[in-house]
Amino acid sequence: MTMTKSKKSEAKRNSDNGVDLPKLRNIGFIAHVDAGKTTVTERVLFFSGETYKVGSVDEGTAIMDHMDQERERGITIGAAATNASWNHHQINIIDTPGHVDFTAEVERSLRVLDGVAVIIDSVAGVQAQSITVWRQADKHRVPRLVFVNKMDRIGADFDYAISTMHRRLFANAVPIQMPIGSESDFIGMIDLVAMRAYLYPPIKTSRDNGADLIEAVESQIPQEYLERATAAREELVSKVAEFDDELAEKYLLGEEIGTAELKAAIRAATIDMKIFPVLCGSAMRDRGIHQLLDAVINYLPSPLDLPPARGFKPGDPNTVIERESNPDEPLSALAFKLVSDEHAGKLLFIRVYSGILKRGMSVYNPSTRRRERIGRLLRMHADDREPVEQAGPGEIVAAIGLKSTLTGHTLCAENSHVAMAQIDFPEPVLSVSIEPPSRAESDRMTRSVLKIVDEDPTLRLISDEESGQLLLAGMGELHLDIVIDRLYRDYGVNCKKGRPRVAYRETLSRVAEAEGRFVRQTGGHGQYGVCALRVEPLPRGSGIQFESEITGATLKTEWHSAIEKGIRDAAATGVIAGYPVVDVKAVLTGGSQHDTDSSELAFQIAGSMAFKAAVSKGSPILLEPMMRQEVVIPSDMLGAVIGDLHSRRAQVQSMENTEIGPGQPGVLNVSAYIPLAETFNYSTDLRSLTSGHGHFTMELDHYAPIPADVAANLKG
Ligand code: GDP
């Protein structure tokens, strides 16, 4: 689906909402917990005129964190969307969570963003979570720039922060600014592109959030910085020239490189993900925010700078369909978040890729194969909403009135179907049983939980037939605690939760073979299904695969699919201890059929029997979720923390010390793999081990075999 240039330029304006596509940026701020994402977002909203009082995270008034628990826990969970205007541009900001228990939120936001500003702490540099998110952004090919925040902190070190980007992210991080001073002497920055300085008054000593609200004075580069800044610009030009032939030629000939041409080359290289421009500042002191907004506009892409959105023909993933950012193309849009709102009901956040989404129109959802009617459309500001009639390509809006559309579903024109690629969400790793406070409240509890489960694709509500209990499964302890909190606050259900249970998996450790025989031939119409299987271990993360080595002559092909169904059913219920079997290839190697007695059911049962028997022979083992954990502690508390980690079966991978200053204990980053089962109550325990000074983050990394002694206890 190619477009002519002239059509593309006509496509710039999304008709009556007046959104000028080249002037639109869909961005997110992404950071490790505590790097300052919320503070940066607040300041951006303030400076771009969307709010009049600067919220402070420490006081719990941050407007992006609009859920109560987020305020209390000081972390950002839901991905709210808001928009800001800056220098005649519209910037849509998708709020992304800072806690790893919510990586699914990051994943879904990355799907609909065009660019990201990554915020890193100038003292700690790149931290574990930034590494995870960086990889996710690589996968989705999202251009990024980097804001080195907290330049006012003791121990702030811009060059060190950049070196951690090279070392830990292998990223081509290219500074486009140079800080002037650091810590309490951080008074501004030099823009290496325009070769101008931005100077602020000295930092006051008290923690005066918001009180420094003073714009920078733009001036010449101070004499004492001129030489270093000139060398740094030279370095910048040489790095960008690698990706721009014209610039390279001028550079080699020693010609002057103007601001506009350098800017254009940085923009192209950033959008192409060849470089990641780095800026500096202090969100808390309001330093560097204007320049960050300028950089978002100058260097991050508009929807028109990106390749067409890719989808496929519903039901036929091999037929790729591309849709340009053009209001004249048929509608294609992706629902990326569902929020239940007590006033409006279900709010569905949607990114439009092509065509126009209109209030009241009918659209088609290929996932549910149903038509849906768009009720009202809203443009979201942090806590405020503005009704709009329509939304065009690149826009992000919330829709009301859709009945069956969920996160990850496509909405498209009724006469031109397309399905955008699904968003990948991980399977839950942990569950707790939940019980209503009284029998009478049981229904209400279930209904309320289901509403929350609808919003979050990494949550499941499972009814455990054996115990008769309801299990809530999710991505970690904090994740589940937040849901239980919400049940109480939003729905008034004060449910009791049981002890957390880990979602183990089963697999086999060697190749094995077995036969499944389901034959009943006593009188009347009998049952006949016989099959032989070989099972083989697969690498972690492969799931269950099925293959057939026999032809339709040996066994009719319809029995092959019945056998596969039996295998998948058996895999779901496990062989050792009732956990799902994963990472196994089942190969159908033989079988026999009967002219009248064979049936789908008979082969399904035979497949299931053969699979269970074969896996049992293949030395089955239990796998447990291993979390990647990063613990940050004052270095003089190392002994106690490491001892405790070892007692939890953690495998320490690395320790990195960051010096804070003469005479002060440094900060130690410990990276480890730790079994999920050993992490319960870790936040309380770490707090008491470190008198409240330790922090940690944790996320699922992989599944690993459980040591035999631990597994023995589990089975018993
Ligand atoms: P988030 O977890 O990434 O959203 O981080 P927050 O915005 O909640 O900030 C974490 C903590 O760092 C809060 O106590 C902020 O006040 C503080 N903080 C944020 N920006 C700065 C900064 O530029 N300098 C200093 N010194 N502290 C900051």
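Check the entry above for the structure.
Keep in mind that this is a model prediction, so the values were computed, not measured.

(A) Local environment of the packing of aromatic side chains. Following the criterion strictly, the structure yields 5 aromatic pairs and no others. Ring centres 5.3 Å apart and planes at 70° place the aromatic pair Tyr-504 and Tyr-579 in the edge-to-face group. Pair noted here: Tyr-504 is in the loop between strand S29 (501–502) and strand S30 (505–508) and Tyr-579 is in the loop between helix H13 (557–573) and strand S34 (584–592), with a separation of 75 residues, a long-range link. Given the relative accessible area of 8%, Tyr-504 is considered buried. Cation over ring: Arg-144 sits above Trp-134, and NZ or CZ is 4.4 Å from the ring centre.

(B) Expanded view of the sheet that holds strand S8 (residues 188–191). Overall, antiparallel pairing links the 4 strands, which are arranged S7-S8-S9-S10 in an open sheet. What marks the edges here is a single partner per strand, and that holds for strand S7 (177–180) and strand S10 (217–219). Within the sheet, the average angular offset between the axes of one strand and its neighbour, ignoring direction, is 25°. Pairing of S8 with strand S9 (residues 196–199) involves 4 bridges; the strand directions are antiparallel. For Ile-190, the partnering residue across the bridge sits in S9 and is Ala-197. Strands in contact with helix H7 (residues 223–241) are S7 and S8; relative to S7, the strand with the most contacts, it is inclined by about 160°.

(C) Inspection of the pairing of strand S1 (residues 24–31) at higher detail. Of all the 8 residues making up S1, 8 are buried; the element is thus mostly covered by neighbouring parts of the structure. The alternating pattern of S1 places Leu-24, Asn-26, Gly-28 and Ile-30 and Arg-25, Ile-27, Phe-29 and Ala-31 on opposite faces, both of which are buried.

(D) Representation of the pattern of salt bridges in the model. In this structure the tally under the stated criterion is 34 salt bridges. Note that Glu-218 and Arg-196 form a salt bridge whose closest N and O atoms lie 2.9 Å from each other. Note that Glu-218 is positioned in strand S10 and Arg-196 in strand S9, a separation of 22 residues in sequence. In this structure Glu-218 comes out as partly exposed when scored by relative accessible area, which is 44%. For Arg-196, a relative accessible area of 28% corresponds to the partly exposed category. A salt bridge links Lys-585 to Glu-547; the nearest nitrogen and oxygen atoms lie 3.3 Å apart.

(E) The arrangement of the environment of Arg-310 in detail. Among the secondary structure elements, Arg-310 is positioned in strand S12 (residues 309–313). Distance from Arg-310 to Met-420, taken between C-alpha atoms, is 6.5 Å for residues 110 residues apart in sequence. If near-sequence neighbours (up to four positions away) are discounted, Arg-310 is found in contact with Val-320, Ile-321, Glu-322, Met-420 and Ala-421. At 3.3 Å, the side chain of Arg-310 forms a polar contact with the side chain of Glu-322.

(F) Quick look at the packing of H7 against helix H8 (residues 245–252). Direction vectors running N to C along H7 and H8 enclose 135°, while the axes themselves pass 8 Å from each other. Relative to H8, the element H7 lies oblique. Crossing of H7 over H8 shows left-handed handedness. In contact with Glu-234, Val-237, Ser-238, Val-240 and Ala-241 of H7, H8 contributes Leu-247, Ala-248 and Tyr-251. Here the contact of H7 with H8 is built from residues that sort into 6 nonpolar, 1 polar and 1 charged.

(G) Seen up close, unusual backbone geometry. We note that Asn-87 has phi near 50°; this positive angle belongs to a residue other than glycine. Mapped onto the fold, Asn-87 is located in the loop between strand S2 (81–86) and strand S3 (89–95). Its identity is not glycine, yet Lys-150 carries a phi of approximately 60°, on the positive side. Relative to the helices and strands, Lys-150 is located in the loop between strand S5 (144–149) and helix H6 (158–169).

(H) Main features of the packing of helix H11 (residues 442–455) against helix H12 (residues 477–491). For the pair H11 and H12, interaxial distance at closest approach is 10 Å and the crossing angle is 115°. For the crossing formed where H11 meets H12, the hand is right-handed. Of H12, the residues touching H11 (which contributes Arg-444, Ser-448, Val-449, Lys-451, Ile-452 and Glu-455) are Val-483, Arg-486, Leu-487 and Tyr-491. Looking at the contact of H11 with H12 residue by residue, the class counts come to 5 nonpolar, 1 polar and 4 charged.

(I) Seen up close, the sheet that holds S34. The strand order S31-S32-S34-S33 describes an open sheet built from 4 strands, whose pairing is mixed. On the outer flanks of this sheet lie strand S31 (512–520) and strand S33 (544–548), each paired with one strand and no other. Averaged over all neighbouring strand pairs, the angle between strand axes comes to 25°, with direction disregarded. Direction of pairing for S33 relative to S34: parallel, over a ladder of 5 bridges.

(J) Structural context of the pairing of S9. The turn joining S8 and S9, which pair antiparallel and follow one another in sequence, is formed by 4 residues; a positive phi near 55° is taken by Met-195. The sheet contact formed by S9 and S10 spans 3 bridges and is antiparallel. The residue of S10 that forms the bridge with Tyr-198 is Glu-218.

(K) Seen up close, the nonpolar core. Judged by nonpolar contacts, the single largest core of 53 residues is most densely connected at Leu-110, Ile-120, Trp-134, Val-146, Val-148, Met-165 and Val-278. With 5 residues, the single largest contributor to this core is H6. Sequence-distant contacts of Met-165, defined by excluding residues within four places in its chain, comprise Ile-120, Val-126, Trp-134, Val-146, Phe-170, Ala-171, Ala-173 and Val-278. Core analysis: the next-biggest nonpolar cluster, separate from the first, contains 49 residues, Val-44, Ile-275, Ala-283 and Val-296 among them.

Scoring rules and cut-offs
- Residues numbered from 1 in each chain as written.
- Predicted model: local features only at pLDDT ≥ 70, side-chain atom pairs only at ≥ 80, totals over all residues.
- Heavy atoms only, no water.
- Phe/Tyr/Trp six-rings, centres within 6.5 Å; stacked < 30°, edge-to-face > 60°.
- Helix = DSSP H or I, 4+ residues; strand = E, 2+ residues; numbered from the N terminus.
- Buried < 20%, exposed > 50% of the residue type's maximum accessible area, 1.4 Å probe, protein only.
- Lys NZ or Arg CZ within 6 Å of the ring centre and 35° of its normal.
- Pairing = 2+ DSSP bridges.
- Axes fitted to C-alpha atoms, helices over the stretch in contact; angles between N-to-C directions.
- Contact = heavy atoms within 4.5 Å.
- Salt bridge = Lys/Arg side-chain N within 4 Å of Asp/Glu carboxyl O.
- Polar contact = N/O pair within 3.5 Å; in protein donor to acceptor, adjacent residues only side chain to side chain.
- Parallel < 35°, antiparallel > 145°, perpendicular 65-115°, else oblique.
- Left-handed = near helix turned anticlockwise from the far one by under 90°.
- Nonpolar A, V, L, I, M, F, W, Y, C, P; charged D, E, K, R; others polar.
- Core = buried A, V, L, I, M, F, W, Y, C linked by side-chain atoms within 4.5 Å.

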